[in-house]
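Spelled out from the first residue to the last, the chains are:
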Amino acid sequence: MRPNPHVCIIGAGVSGLTAVKALGDWGVEHTCLEASDDIGGNWYFRNPNGRSSAYRSLHIDTSKSSISFKDFPMDERYPDFPHHTQIHTFLSEYADTFGLRERIRFGTAVERATRLDGGGWDIDGERFDALLVCNGHHWDPSYPDFPGHFDGPTIHSHHYIDPTEPLALAGKRVLVVGIGNSAVDIVSELSRKGIAERVLISTRSGAWVIPKYVLGRPIDTVVRTNPRIPLGLQRRAARVFARVIAGRMEDFGLPTPNHHFLEAHPTVSSELLLRLGSGDAIAKPDVAELLSDRVRFVDGTIEEVDVIVFGTGYKISFPFFDPAFISAPGNVLSLYKRMFKPSIDDMAFIGLGQAIPTIFPFAECQSKLAGRWLGGDWALPTTAEMTADIRRDERRYVRHYADRPRHTMQLDYHVYEHDLRTRVIPAGQKRASETSAARIHTTA
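To keep things clear, this report deals only with the structure shown in the data block. All of these numbers come straight from a predicted model, not from anything done at the bench.

1. Here's the deal with the overall build of the protein
Then comes step 1: Looking only at helices and strands, the protein features 10 helices and 23 strands.
Then comes step 2: Radius of gyration (C-alpha) of the protein: 23 Å, near the 22 Å computed for a compact globule of 444 residues.
Then comes step 3: Once the C-alpha set of the protein is aligned to its principal axes, its extents read approximately 80 × 45 × 45 Å.
Then comes step 4: The buried share of the protein, reckoned over its 444 residues, is 54%.
Then comes step 5: Taking all contacts inside the protein whose residues are at least 6 apart in sequence as the whole, residues at least 24 apart take part in 70%.
Then comes step 6: Positive and negative side-chain charges in the protein, numbering 51 and 54 respectively, have mean positions lying 6 Å apart.

Structure representation (structure tokens):
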């Protein structure tokens, strides 16, 4: 890659916006291509590009102190857990404060991104020296493949807006499959008296459901990892805490989680356990078979169901790449620091990780590293070194979950950021300095 590269950024959601700012800070020439007519990505309600999974009642499950950018913290105007409209306002203020919109080409969906022989990129006929992929991973719905067939309507949580849209769910018997944050929000909303007739929630693997507040404070300000203490030790200590604040999931009819607390992103809800405990919603085990207008579960019970809502996650997709070039079968894509594919030295991904507690600061710190890299202040390790580091991070974060697509990108932001700041960045700066010195010596 040549010095002073011209960079293409795909997407203007959280990851794309932080990338635009970081490259601007480092004086790197860039153009951001965004399919929609505004910034925000997933947080742009009713986004005309179809990528937003926001529903009308959505409040973020992470507190404002955790979603704040280091360069642009949320101020006192915002509540602890902002509504999606407030998140979009915050992102708009971020874009306007740093003049990001003028570097974004709206209404430009990337159809084809092709790496050229010898490096560089052809993006729909336009030439760039490097590529930052910021297209998100919560937009291509994943559906389970259950035996049998269901005659009633089905939707994915990605398309859910409210109890009236896209389906009229009042008075219906609704099954929600999944136990992520969207699934439990939908269960909590539909199971309120006077909406759905009956609401069931089915889950295969279970999850730790924790409240938004503990001791009067947002839970992510009370429970957080310390990168200076071994992660395994902290996880073991947190197991008792999880039982104290939320109790036994089995007491609410939910399956025993297949992982320990903080080993995967917990489900944050102050309402689900109340709905289950009040009998407004009923927990069921995994689906065994669809029976036209009924559903049989693995415990042998059968329930009549009118509508099924699948809250079953998303596929990692890159529609602009040839699948033979880059794809993520089973949501597996091994990357150095969740950014770099070892065999490609002019491309990086931003925000492609399931960060605990949230993507916002994770995308920002990745973008800052990308700015250093493209600005010449930081250099990549060798392919062998990157491959070894990938294996190390996979052992740390995802070794217990390699067979589950939802866990393939797990990481702890606080540990990740500390590793970048104390080890990865200094080592890369040293490599860049040595390379620059060698180049000067050669030309002298």
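That was the structure; now back to the text.
2. Describing the pattern of salt bridges
Then comes step 1: Summed over the entire model, instances satisfying the criterion amount to 38 salt bridges.
Then comes step 2: The partner of D345 in a salt bridge is R115, with the nearest N and O atoms 3.1 Å apart. Remark: R115 occurs in strand β4 (residues 113-115) and D345 occurs in the loop between β20 (307-310) and β21 (347-349); sequence separation between them is 230 residues.
Then comes step 3: Among the ionic pairs, R423 bridges to D389, the shortest N-O distance being 2.9 Å. Placement of the pair is R423 in helix α10 (residues 413-443) and D389 in helix α9 (residues 383-397), with a sequence separation of 34 residues.
Then comes step 4: Shared partners join several salt bridges into a network, and the residues in it are K337, D389, R392, D393, D419 and R423.

3. Here we look at the packing of aromatic side chains
Then comes step 1: Considering all chains together, one arrives at 25 aromatic pairs under this definition.
Then comes step 2: With a centroid separation of 5.9 Å and an interplanar angle of 80°, the aromatic rings of Y143 and F310 are classed as edge-to-face. Of this pair, Y143 sits in the loop between β7 (130-133) and β8 (148-150) while F310 sits in strand β20, and the two are 167 residues apart along the sequence.
Then comes step 3: Judged by relative accessible area, which is 44%, Y143 ranks as partly exposed.
Then comes step 4: Taken together, the ring pairs in this structure connect W43, F69, F72, Y78, F90, Y94, F98 and F360 into an aromatic cluster.
Then comes step 5: Here the guanidinium or amino end of K21 rests over the ring plane of F98, the centre of that ring lying 4.6 Å away.
Then comes step 6: In this arrangement the basic side chain of R51 is found over the ring face of W139, its NZ or CZ atom lying 3.8 Å from the centre.

4. Digging into the pairing of β20
Then comes step 1: Neither face of β20 is exposed, since V307 and V309 on one face and I308 and F310 on the opposite face are all buried.
Then comes step 2: Inspection of the sheet shows strand β9 (residues 154-156) paired to β20 by 3 bridges, in the parallel sense. Residue T154 lies in a different strand from β20, and its bridge partner there is I308.

5. Side note on the environment of G118
Then comes step 1: The residue G118 is located in the loop between β4 and β5 (121-123) in this model.
Then comes step 2: Sequence spacing of G118 and M1 is 117 residues, and the spatial spacing of their C-alpha atoms is 9.1 Å.

6. A look at helix α8 (residues 359-374)
Then comes step 1: Compared with the 22 Å implied by 1.5 Å per residue over 16 residues, the 22 Å span of α8 between its first and last C-alpha is a close match.
Then comes step 2: Within α8, 13 of the 16 residues are buried, which leaves it mostly tucked inside the rest of the structure.
Then comes step 3: In the segment just after α8, G376 is the residue with positive phi, at about 90°.

7. Describing the packing of helix α1 (residues 14-25) against α8
Then comes step 1: Direction vectors running N to C along α1 and α8 enclose 35°, while the axes themselves pass 8 Å from each other. At the point where α1 passes α8, the crossing takes the right-handed sense. Between α1, through V14, S15, T18, A19, A22 and L23, and α8, the contact on the second element is made entirely by I359, F360, A363, E364, S367, K368, A370, G371 and L374.

8. Topic: the environment of D346
Then comes step 1: Within the element layout of this structure, D346 appears in the loop between β20 and β21.
Then comes step 2: The class for D346 is buried, based on a relative accessible area of 2%.
Then comes step 3: Between the C-alpha atoms of D346 and V424, which are 78 residues apart in sequence, the distance is 18 Å.
Then comes step 4: Contacts of D346, omitting those with residues within four sequence positions, involve M1, R115, G119, G120, W121, D129, A130, L131 and W373.
Then comes step 5: A polar contact is formed between the side chain of D346 and the side chain of R115, at a distance of 2.8 Å.

9. Examining the nonpolar core
Then comes step 1: Judged by nonpolar contacts, the single largest core of 94 residues is most densely connected at L91, L132, F340 and F360.
Then comes step 2: Looking at this core, the element that brings in the most residues is α8, giving 8 residues.
Then comes step 3: With sequence-adjacent residues up to four places away left out, L91 is seen in contact with V14, L17, I39, G40, W43, F69 and F360.
Then comes step 4: Formed by 23 residues, the second largest nonpolar core is a distinct cluster that contains L33, W121, I123 and F318.

10. What about the packing of α1 against helix α3 (residues 84-97)?
Then comes step 1: Relative orientation of the contacting elements α1 and α3 amounts to 15°, with a least axis distance of 11 Å. Relative to α3, the element α1 is oriented roughly parallel. The hand of the α1/α3 crossing is left-handed. Each of V14, L17, T18 and K21 in α1 lies in contact with α3, whose residues at this interface are L91, Y94 and A95.
Then comes step 2: For the contact of α1 with α3, the residue count by class is 5 nonpolar, 1 polar and 1 charged.

11. Here's the deal with the environment of P342
Then comes step 1: As for its position among the elements, P342 is in the loop between β20 and β21.
Then comes step 2: Note: C-alpha distance between P342 and L274 (68 residues apart in sequence) is 47 Å.
Then comes step 3: Once you skip the residues sitting within four places of it in the chain, P342 turns out to touch S334, T383, M386, T387 and I390.

12. Remarks on the sheet that holds β20
Then comes step 1: In spatial order, the strands read β9-β20-β10-β11-β16; together these 5 strands make up an open sheet with parallel pairing. Looking at the sheet topology across the chains shown, the edges are occupied by β9 and β16 (281-284). When the angles between neighbouring strand axes are averaged without regard to direction, this sheet yields 20°.
Then comes step 2: In this sheet, β16 lies alongside strand β11 (residues 198-202) in parallel orientation, the contact comprising 4 bridges. What sits directly across from I201, in β16, is A283.

Cut-offs and rules
Throughout, residues of each chain are indexed from 1 in the direction in which the sequence is written. Under the rules for a predicted model, residues below a pLDDT of 70 receive no local features and side-chain atom pairs below 80 are neither given nor counted, while totals for whole chains, interfaces and linings still include all residues. Each side-chain value is derived from all of the structure's non-hydrogen atoms; neither hydrogens nor water enter the calculation. Where helices and strands are cited, they refer to DSSP runs of H or I of at least four residues and of E of at least two residues respectively, numbered from the N terminus. The reference for a compact globule is 2.2 Å times residues^0.38; the radius of gyration itself is calculated from the C-alpha atoms. Throughout, exposure labels follow a simple rule: accessible area from a 1.4 Å probe, protein chains only, divided by the maximum for the residue type, with under 20% read as buried, over 50% as exposed, and the rest as partly exposed. The contact definition used throughout considers only heavy atoms, calling two residues in contact when any of these lie within 4.5 Å. We treat Lys and Arg as the positive residues and Asp and Glu as the negative residues; His and chain ends play no part in the count. For this purpose, a charge sits on NZ of Lys, CZ of Arg, CG of Asp or CD of Glu. Any Lys or Arg side-chain nitrogen found within 4 Å of a carboxyl oxygen on Asp or Glu counts as a salt bridge. Stacked, tilted and edge-to-face pairs are distinguished by plane angle, under 30 degrees for stacked and over 60 for edge-to-face with tilted covering the rest, among Phe, Tyr and Trp rings (Trp via its six-membered ring) whose centres lie within 6.5 Å. Placement of a charge over a ring requires the Lys NZ or Arg CZ to be within 6 Å of the ring centre, with the centre-to-atom vector within 35 degrees of the ring normal. Pairing between two strands is assigned when DSSP locates at least 2 bridges connecting them. For a helix, the expected span equals 1.5 Å multiplied by the number of residues minus one. Fitting a line to C-alpha atoms yields each axis, with helices limited to the stretch in contact; the angle taken between N-to-C directions then spans 0 to 180 degrees. Definitions for this section: a left-handed crossing has its near helix turned counterclockwise from the far helix by less than a right angle. A right-handed crossing has that turn clockwise. Here a polar contact means two N or O atoms within 3.5 Å. Within protein one must be a hydrogen donor candidate and the other an acceptor candidate, and residues neighboring in sequence count only if both atoms are side-chain atoms. Within this scheme, the nonpolar core is defined by two criteria: the residues are buried Ala, Val, Leu, Ile, Met, Phe, Trp, Tyr or Cys, and they are joined through side-chain atoms within 4.5 Å. Should an angle lie under 35 degrees it is considered roughly parallel, over 145 roughly antiparallel, and from 65 to 115 roughly perpendicular; all remaining angles are considered oblique. Polar here means any residue other than Ala, Val, Leu, Ile, Met, Phe, Trp, Tyr, Cys and Pro, which are nonpolar, and Asp, Glu, Lys and Arg, which are charged; Gly is therefore polar.

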